[in-house]
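As a plain string of letters, each chain reads:
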Amino acid sequence: MTRPPGDPHRPRRTPPAGGRPAAPRRRVGEPRRSGDAAAPRPARPRPSAGQGRPAARPRPRPDARRPGPPRRPPAGPRSITLADPKRRLRLVTVCLGLVFAIFAGRLVQLQLLDSDALAAAAGANKYVRVALPAERGTITAADGTVLATSVDAYDITADPTMFTPEATHLPDAPEQAAALLAPILGQPKEKLAAALHLNAKNPKSQYALLTSRQTPQAKGRIADLKSTLTKQADTAACRGQRELLGKAPEKGGRQFLDTACVNPLAGVFWEQSTRRSYPANGLAANLVGFVNSEGTGTGGLELQYQQLLAGQDGYSTYASAAGRRVATAGGSRQDAVPGSDLRLTVDPDIQWAAQRAITDQVTNAGAEKGYVIVQDVKTGQVLAMAASPGFNPNDLASARADQLGNPALQDAYEPGSTAKLMTMAAVLDTGSANWDTHVTVPNTLQRADRVFHDDVDHETWYLTLAGVLAKSSNIGTIEAAEHLGATQAEANKVLAGYLDRFGIGKPTGLGFPGETRGILAKPEDWNGSQQYTIPFGQGLSVNALQATSVFSTIANGGVRVAPSLLAGTTGPDGRYTPAPAGEQSRVVTESTAKTLTEMLESVVTDEQGTGTKAQIPGYRVAGKTGTANRVDPKTGKYSGYTASFIGFAPADQPRVTVSCVIQDPVNGHFGGQLCGPVFKQVMEFTLKSLQVPPSGSEAPNLPVDWKP
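Heads up: these notes are all about the structure in this document. Note that this is a predicted model, so its numbers are computed, not measured.

## Section: the overall build of the chain
A count of helical and extended segments in the chain gives 20 helices and 24 strands. In the chain, the share of contacts with a sequence separation of at least 24, taken over all contacts with a separation of at least 6, comes to 73%. When the accessible surface of the chain is totalled, it reaches about 39300 Å², and 52% of it is carbon and sulfur.

Structure representation (structure tokens):
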């Protein structure tokens, strides 16, 4: 193909001047070699429209150049020497070996060394464990009357993130919700509002416990109110407000909805739980006790038998991912074991009669407190144990701290003249004297560094030993106790031995929380005053059940039966197991017990006796009054009195013992005046309730005095 003449796109090659050979033609894309001359090409003007091709311009001839040294021919392509391939392969092999060694070591660590720990950690992160609380056992009276049980309840909770202004479009959602909940939950508005606000320490917390163990009625009121507010906020006008609020951006601050268009309780929820209920309210509350806010026994039998009542909690585990349960991932479950039920020896009717009687008398006497115990003399079972003032375990907030205990077991007091029964038992059982032994009782008696008196001033009394007990003479009791040994030290030792056998200074065996064992020093430690005051009931301390058990021992023919409160238990399998019988021990002979019973009858039947107010028509009654100086537990000094009366009936065939103790009375202080009527009221009710027939014989009416 020939190039048309005058083609501007293909310039002509001009041979070099001076006969210089032409440079080899360079191919397209080939780099320019060094030394090549690059002569600039002059631009060729393009022909304008309608014009022919312009004539070729003559090229100027280049100047002749001075010949230089001959140029070196251009160098050819460089050769590359490759590295040794074996060396490179060895290096790669070593690197790969190190990598695989690291992986192998890590695999050994994970699969062998740390496998158990990692599996446990993975399971802990993957599986959620939910506790299954055990149902707490029930406490019932002897006839099955429920004294304590567990009922359905609800924990009221909330999600604080749902009460923020951004979530509710209300500036004060926590305060509005608190105002609605306060009257239902019985909680202060300020406390509830504080719980509904996000916590500064945990600003993303989505759980707050407002109150626990609310009744189903309270939960129902919250549910109804929440439903009403939801319907109210779902009107057409409210939906329009929310739609406009969602479209319109905030201008000049946050925008809020009308109060009527927001449900401030939307973030309130409830969780099913249980709570302890006491259907009998304050009946036997001093015995049954109470539980704390966590449902754990804190006082009385609830505390003593906490493990038995609580049972064993179970659990359920399930797989969780992103906060949701994975139904196909399996899990495990261990059902809770319910607690055992307790059946007490308490008769609810007798308990009610005892509580009513002691409450009325404590009020009439203006006393600090008082307590009554009813005990079966044959079995040692406690049929009633009442205290005043009492409390309602359903409303602990209204009770004082000093009302929550059981003073009949927790108070240590000086028994006074009721303890003279033990001194007389020692005198008769050792043969030191008989019931009709003549005792001369002066108005005062000098012993050691003290002068002793009776409760009243009197001329010299000429009493039998039965009369000493009937008239409750301190001086006559001291004179009788001195015959227990050849020396005072020996007499002290003999008397201390009998006190020990009667259970003084030792636990009763109930194991009741906070029970006192009383105070009784060793006989060798009795000081000059104690060795003469202990025989008539001062200088030693007992609890009310210990004192009651002394009289039950005499009523039972001289055999002491350890007191008991628990009749039996019903396990989770429904099987009832009776409690073991109380331990028995002989304290005095049967003949001694019979004589003491007749002497105690004189206290009640003889016109000179101090217990005439305890008489019960149709029944023979044996008992003893007590009036003792009282040690104030706050100061440790004597202040006020302890009035008491303890007795049993029918005296010819004893069935029950009733004791009454009133602490620090204001209106009177003698035991016969204050506790005699309480004994009579409770004993009469008990005998009728147990259908005990009247006595079939007359009291012996032992003489109380003699003429010199």
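Back to the write-up after that little detour.
## A look at the packing of helix α13 (residues 420-429) against helix α15 (residues 474-481)
Two numbers describe how α13 lies on α15: the axes approach to 10 Å, and their chain directions differ by 30 degrees. As for the relative orientation of α13 and α15, their crossing is left-handed in sense. Between α13, through Lys420, Thr423, Met424 and Val427, and α15, the contact on the second element is made entirely by Asn474, Thr477, Ala480 and Ala481. Across the contact of α13 with α15, the residue classes break down as four nonpolar, three polar and one charged.

## Regarding empty space enclosed by the protein
Here the idea is plain: a probe the size of a water molecule rolls over the atoms and shows the empty space left. This model, assessed by the stated rule, comprises two cavities of 30 Å³ or more. As a volume, the largest cavity reaches approximately 60 Å³. Forming the walls of the largest cavity are Pro415, Thr418, Ala419, Met422, Ile504, Val542, Gln546, Ala547, Val550 and Phe551. Sort the elements by how many residues they give to the lining of the largest cavity and helix α18 (residues 544-555) lands first, with four residues. Looking at the lining of the largest cavity, its residues break down into eight nonpolar, two polar and no charged. In this model, the second largest cavity occupies a volume close to 40 Å³. Looking at the second largest cavity, the residues that line it are Ala481, Glu482, Gln488, Ala491, Asn492, Leu495, Gln531 and Pro535. The biggest single contributor to the lining of the second largest cavity is helix α16 (residues 488-501), with four residues. For the lining of the second largest cavity, a count of residues per class yields four nonpolar, three polar and one charged.

## Quick notes on the nonpolar core
The biggest cluster of nonpolar side chains holds 92 residues, and the ones touching the most others in it are Leu465 and Phe502. Viewed by domain, this core spans two of them, domain 1 (132-158 + 206-343) and domain 2 (350-390 + 406-566 + 583-690), each represented by three or more residues. Once residues lying within four places of it in the same chain are set aside, the contact partners of Leu465 are Met424, Val427, Leu428, Ala433, Asn434, Trp435, Thr437, Val439, Ala480 and Met599. Grouped together as the second largest cluster of nonpolar side chains are 32 residues, Ala357, Ile358, Ile662 and Val678 included.

## Some points on the pairing of strand β3 (residues 146-158)
Of all 13 residues in β3, ten are buried, a share of seventy percent or more. Where strand β2 (residues 139-140) and β3 come together, two bridges link them in antiparallel fashion. Following the sheet pairing, Ile139 is matched in β3 by Ala148. The loop that links β2 with its antiparallel partner β3 comprises five residues; one of these, Gly144, has a positive phi angle of about 95 degrees. In this structure, β3 lies alongside strand β5 (residues 268-277), joined through ten bridges in antiparallel fashion. Directly across from Ala158, in β5, lies its bridge partner Val268. Sheet analysis places β3 next to strand β4 (residues 208-214), joined by four bridges and oriented antiparallel. Paired with Ala158 across the two strands is Ala208, which belongs to β4.

Thresholds, definitions, all that
Residues numbered from 1 in each chain as written. Predicted model: local features only at pLDDT ≥ 70, side-chain atom pairs only at ≥ 80, totals over all residues. Heavy atoms only, no water. Helix = DSSP H or I, 4+ residues; strand = E, 2+ residues; numbered from the N terminus. Contact = heavy atoms within 4.5 Å. Areas by Shrake-Rupley, 256 points an atom, 1.4 Å probe, with all protein chains shown as cover. Axes fitted to C-alpha atoms, helices over the stretch in contact; angles between N-to-C directions. Left-handed = near helix turned anticlockwise from the far one by under 90°. Nonpolar A, V, L, I, M, F, W, Y, C, P; charged D, E, K, R; others polar. 1 Å grid on protein atoms, 1.4 Å probe; cavity = no way out; pocket = protein on both sides within 12 Å on 5 of 7 lines; lining within 4 Å. Points joined across faces, edges and corners; volume = space filled by probe spheres on them. Core = buried A, V, L, I, M, F, W, Y, C linked by side-chain atoms within 4.5 Å. Buried < 20%, exposed > 50% of the residue type's maximum accessible area, 1.4 Å probe, protein only. Domains from an automatic or database assignment. Pairing = 2+ DSSP bridges.

That's the geometry; what it means functionally is another story.
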